Amino acid sequence: MKSQNGYHWPKALFVLSVNLYEVIAERVTAFENINMTHGMVSGVGVTVARSSSGTRSPDKVLQTFAEHLGMLRERFNEEWGLVAPFYNKHCCPSINEPPDLPVGGRDLSLFIVDYSNLPSLAVLVTNDSPIRAQFAVVYGKDGSIANPIFGILESLDAFSVKANFQLSLSDGKTDIGDVGIFQIPDPQTPNQVVVYQTARGLQHANAFDGFKNLNAIEETKFDAQAWNLGMTLTNVQGTFHTTEGIRKMILEVPGDSLLVADPDTLHAESRSLAIWFSAKGMIYPAMVSWAKYDTGNRWKVFVRYLTQHTIEVLDQEITCALFGPDLTPVFAPPPKPTELKEEFEEQLRKDFQTDPFKAAVIAANLKNMPSLAIPEGYFDSKVKTLDFEDGLDLYVLYHHAQRKHAYQNKRIFEHVFAGAERNIGALGLLSFDTVASKLTYPAAMTFLLSQERFAMGWAMDGVEVGTGHNCLIKHEQEKVYIAGEIMFEGDERVRFNFLSGTFTRQIIPLYDPGEASFHDQWIGLISALIGKAWYSQLQLLLHDKYKALLKVPTVTYTDDVLIPFEPPVQSTKMAFCSSEPWMQSCACIASGDSNFNWCKKLEGKNEPCEHDDCQPSGR
């Protein structure tokens with residue numbers, strides 16, 4: 001769900017400015033003569049189902065009022081199905097403990113089904129009041145969404161709805177507590193509350209007004225940024241201009257940090273409103289005039305900030321962390337999507353004899369692409385649960401020594417750089433064309449590029465025994481730049497992805513510009529590498545330049561899984577069950593609540609799963 005401002009808040013969040021005490025006083029006066037054994041005061045819930053025509057009920061009274069204002073019966077029935085259970089949750093402390101009201105509405109909250117389509121049913125909830133919850137019908141706004149006009153059902157026994165109540169939150173200058181207007185949550189996501197407006201959010205937004213005279217930000221954009229930041233500060237329960245305001249926050253923010261309303265404007269060298277969390281423990285409304293990326297996800301910025309009376313300018317540039325309004329860090333501005341690819345091509349232009357695979361590594365180093373050694377435990381004890389569609393549920397431990405099986409079946413190909421140690425048994429990879437000529441199509445493989453090699457493992461099924469990414473490296477200290485899957489589909493097309501929980505998923509967080517930029521950089525380089533290394537340098541030299549150009553397949557990136565998740569083929573069964581004895585301990589099968597040795601299960605025996613023995617030397 002989204003609010004009228006198009007902003008979706010993940011939790012119940014913010015508040016507005018209404019004369020809270022007048023509203024509560026008026027409500028108490030209106031209900032002080034109600035029989036305390038009836039209706040909402042007594043803690044009696046309502047039925048969600050519509051009552052029969054022979055029974056007077058709250059839904060009929062509300063429907064009469066709503067239809068008079070133009071609500072059709074079908075829509076009333078739909079909205080009643082939302083407000084009735086929501087009312088029951090809040091109305092009746094004697095029946096069950098009511099849920100907490102959202103941040104920004106802890107004192108008083110008006111929950112509306114659809115504020116953008118009036119009239120609409122609503123529930124008014126006042127905390128710590130003998131009349132905690134009441135049905136309402138919202139049918140107007142006095143100038144803005146901060147000023148809803150509505151009628152209230154005084155009790156469940158009432159014969160009519162009392163009209164012309166108004167919640168006025170548009171002042172935003174007086175601190176009157178936590179008062180807010182929200183959308184009734186979707187029953188599928190009851191903890192996600194959409195905020196229409198809150199009192200304290202308006203108060204925080206108005207704190208930025210001192211910057212308006214500068215005319216540095218267009219008015220509509222200014223108001224939107226101020227509202228956004230006001231709601232965010234309310235969400236984290238902070239307060240401007242007081243040390244208590246930062247001490248009571250539910251979010252820890254490093255000193256000298258800026259929470260920026262529109263981080264995209266920083267890349268465009270435009271101004272943006274912000275919240276400055278000073279190193280001295282104060283919170284200020286601020287405006288960022290410019291920001292330049294420094295290092296380590298920190299920025300050099302020029303900031304103006306508002307004390308309670310004047311605009312101050314920091315007397316020096318500060319280097320600080322930046323956050324967006326959703327409280328996520330603002331990373332380095334992304335490089336041009338083709339930057340890594342262009343560096344790779346530049347390395348090849350410098351010297352025609354340059355090894356393309358090595359050129360890829362040089363380019364990655366020059367462009368500061370991160371690399372990572374295999375996570376602890378993944379080299380010799382990574383475990384996967386494999387639930388195949390035919391009901392076969394395997395529980396497999398992957399040890400790097402299983403690559404011996406792949407070597408014996410000519411399933412691993414690698415191009416090792418000078419000075420690095422080869423995997424004895426792997427087939428040499430001089431060019432992709434020489435590998436493709438040995439395949440039956442389509443052929444799906446794992447692949448990786450490390451500081452020492454480019455390697456591929458030809459997987460026969462979803463088990464991938466001996467061809468997983470932990471089997472493509474030589475040792476645990478070998479650092480990998482990128483890993484994924486590659487599919488050869490004849491000599492016409494090659495597809496690849498970056499699906500690798502062992503490497504790619506671990507490497508992405510190390511790249512400051514973020515995941516999207518990481519993908520852009522490597523999509524460009526891997527596509528170019530496959531094209532440039534499709535033929536060996538010798539093939540290119542021997543090719544008669546007067547003949548037709550050598551054909552290169554179309555290379556594309558995909559998010560699709562390329563290695564089919566299919567049950568183990570016969571060669572996989574033999575690898576576990578008919579090769580070295582220790583391999584039998586690596587594959588187990590689920591049966592009920594237990595895991596058994598798969599190979600023994602194939603023989604009709606139930607032997608417990610013993611992954612501890614899945615190593616060449618045994619236990």
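In what follows, the structure referred to is the one given above.
Residues numbered from 1 in each chain as written. Predicted model: local features only at pLDDT ≥ 70, side-chain atom pairs only at ≥ 80, totals over all residues. Heavy atoms only, no water.

Right, let's get into the overall build of the protein. Along the backbone of the protein there are 16 helices and 24 strands. Split into buried and exposed, the 619 residues of the protein put 51% on the buried side. Counted over contacts in the protein with a minimum sequence separation of 6, partners at least 24 positions apart contribute 64%. Entry remark: accessible area of the protein is about 28800 Å², with carbon and sulfur atoms responsible for 49%. (Helix = DSSP H or I, 4+ residues; strand = E, 2+ residues; numbered from the N terminus. Buried < 20%, exposed > 50% of the residue type's maximum accessible area, 1.4 Å probe, protein only. Contact = heavy atoms within 4.5 Å. Areas by Shrake-Rupley, 256 points an atom, 1.4 Å probe, with all protein chains shown as cover.)

Glancing now at unusual backbone geometry. Backbone torsion omega between Leu118 and Pro119 reads 0°, so that peptide bond is classified as cis. Positionally, Pro119 belongs in the loop between strand 1 (108-112) and strand 2 (120-126). One non-glycine residue, Asn164, lies in the positive phi region at around 70°. By secondary structure assignment, the location of Asn164 is in strand 5 (residues 161-166). Positive phi, normally seen in glycine, also occurs at Lys410, with a value near 55°. Of note, Lys410 is situated in the loop between helix 10 (403-408) and strand 16 (412-416). We classify Lys410 as exposed; its relative accessible area is 53%.

What follows covers the sheet that holds strand 3 (residues 133-141). Strand order in the open sheet made by the seven strands is 5-4-3-2-1-6-7, with mixed pairing throughout. A strand with exactly one partner marks an edge of an open sheet, and here the two such strands are strand 5 and strand 7 (195-198). Each strand of the sheet is rotated relative to its neighbour by a mean of 25°, with strand direction disregarded. Two strands pair when backbone bridges link them, and strand 1 and strand 2 are joined in this way by five bridges, in the antiparallel orientation. Bridge pairing links Ile112 to Ala122 in strand 2. Packed on one face of the sheet, helix 3 (residues 73-91) meets strand 1, strand 2 and strand 3 and runs near 10° to strand 2. (Pairing = 2+ DSSP bridges. Axes fitted to C-alpha atoms, helices over the stretch in contact; angles between N-to-C directions.)

It is at 11 Å that the axes of helix 2 (residues 58-68) and helix 3 come closest, and there the two elements cross at 135°. Taken together, the axes of helix 2 and helix 3 are oblique relative to one another. As for how helix 2 packs across helix 3, the hand of that crossing is right-handed. Along its contact with helix 2, which presents Asp59, Leu62, Gln63, Ala66 and Glu67, the element helix 3 presents Arg73, Phe76 and Trp80. (Parallel < 35°, antiparallel > 145°, perpendicular 65-115°, else oblique. Left-handed = near helix turned anticlockwise from the far one by under 90°.)

Turning next to helix 13 (residues 515-532). Taking 1.5 Å of rise per residue, the 18 residues of helix 13 would be expected to cover 26 Å, and the 26 Å separating its terminal C-alpha atoms lies within 8% of that figure. Those residues of helix 13 that sit buried are Ser517, Phe518, His519, Gln521, Trp522, Gly524, Leu525, Ile526, Ala528, Leu529 and Ile530. (Expected span 1.5 Å × (residues − 1).)

Moving on to the pairing of strand 10 (residues 283-293). In terms of residue burial, strand 10 counts as a mostly covered element, since eight of its 11 residues are buried. Sheet topology places strand 9 (residues 272-277) next to strand 10; six bridges connect them, and they run antiparallel. Its bridge partner lying in strand 10, Ile275 is registered against Pro285. In this antiparallel pair of consecutive strands, strand 9 and strand 10, the connection spans five residues, and Gly281 shows a positive phi of 85°. Of the pairings in the sheet, the one linking strand 10 to strand 11 (residues 299-306) comprises seven bridges and is antiparallel in character. By the bridge assignment for strand 11, Trp290 is matched with Phe302. Taking the residues between adjacent antiparallel strands as the criterion, strand 10 and strand 11 are bridged by five residues, where Gly296 takes a positive phi near 55°.

Residues Met456, Trp522 and Ile526 are the most contacted members of the largest nonpolar core, which totals 57 residues. For this core, the element with the highest residue contribution is helix 13, accounting for seven residues. In this structure Met456 touches Arg411, Ile412, Phe413, Leu429, Phe432, Val435, Met445, Thr446, Phe447, Leu472, Ile486 and Phe488, once residues within four positions along its chain are discounted. Listed in part, the 31 residues of the second largest apolar core include Trp80, Ala84, Cys92 and Val161. (Core = buried A, V, L, I, M, F, W, Y, C linked by side-chain atoms within 4.5 Å.)

Another aspect to go through is the environment of Glu389. Positionally, Glu389 belongs in the loop between strand 14 (382-387) and strand 15 (393-398). Residue class for Glu389 comes out exposed when judged on its relative accessible area of 86%. Here the alpha-carbon distance between Glu389 and Phe565, two residues 176 residues apart in the chain, equals 9.0 Å.

For the rest of this paragraph, the subject is the state of the cysteines. Throughout the structure, instances matching the rule amount to three disulfides. Between the sulfur atoms of Cys577 and its disulfide mate Cys599 the distance is 2.0 Å. Disulfide Cys577 to Cys599: torsion about the S-S bond roughly -90°, handedness left-handed. Here Cys577, found in helix 15 (residues 570-577), pairs with Cys599, found in helix 16 (residues 598-602); they are 22 residues apart in sequence, far enough to count as distant. Covalent S-S linkage joins Cys586 and Cys614, the inter-sulfur distance amounting to 1.9 Å. Between Cys586 and Cys614, the disulfide has an S-S torsion of 95° and is therefore right-handed. A residue pair is termed long-range when its members are at least 10 positions apart, and Cys586 in the loop between helix 15 and strand 23 (587-591) and Cys614 in the segment after helix 16 qualify at 28 residues. On the basis of relative accessible area, Cys586 is assigned to the buried category, the value being 0%. (Disulfide = S-S within 2.5 Å.)

This part takes up the environment of Lys573. Mapped onto the elements, Lys573 comes out in helix 15. On the basis of relative accessible area, Lys573 is assigned to the partly exposed category, the value being 29%. With near-sequence residues (within four places) excluded, Lys573 lies in contact with Pro568, Ser578 and Trp598.

Strand order in the open sheet formed by four strands is 14-15-23-24, with antiparallel pairing between adjacent strands. The open sheet has two edge strands with one neighbour each: strand 14 and strand 24 (594-597). Neighbour to neighbour, the strand axes of the sheet diverge by 30° on average, direction disregarded. In this sheet, strand 15 lies alongside strand 14 in antiparallel orientation, the contact comprising six bridges. Note that in strand 15 the partner of Asp387 across the bridge is Asp393.

Read these as layout, nothing more, since geometry by itself doesn't imply function.
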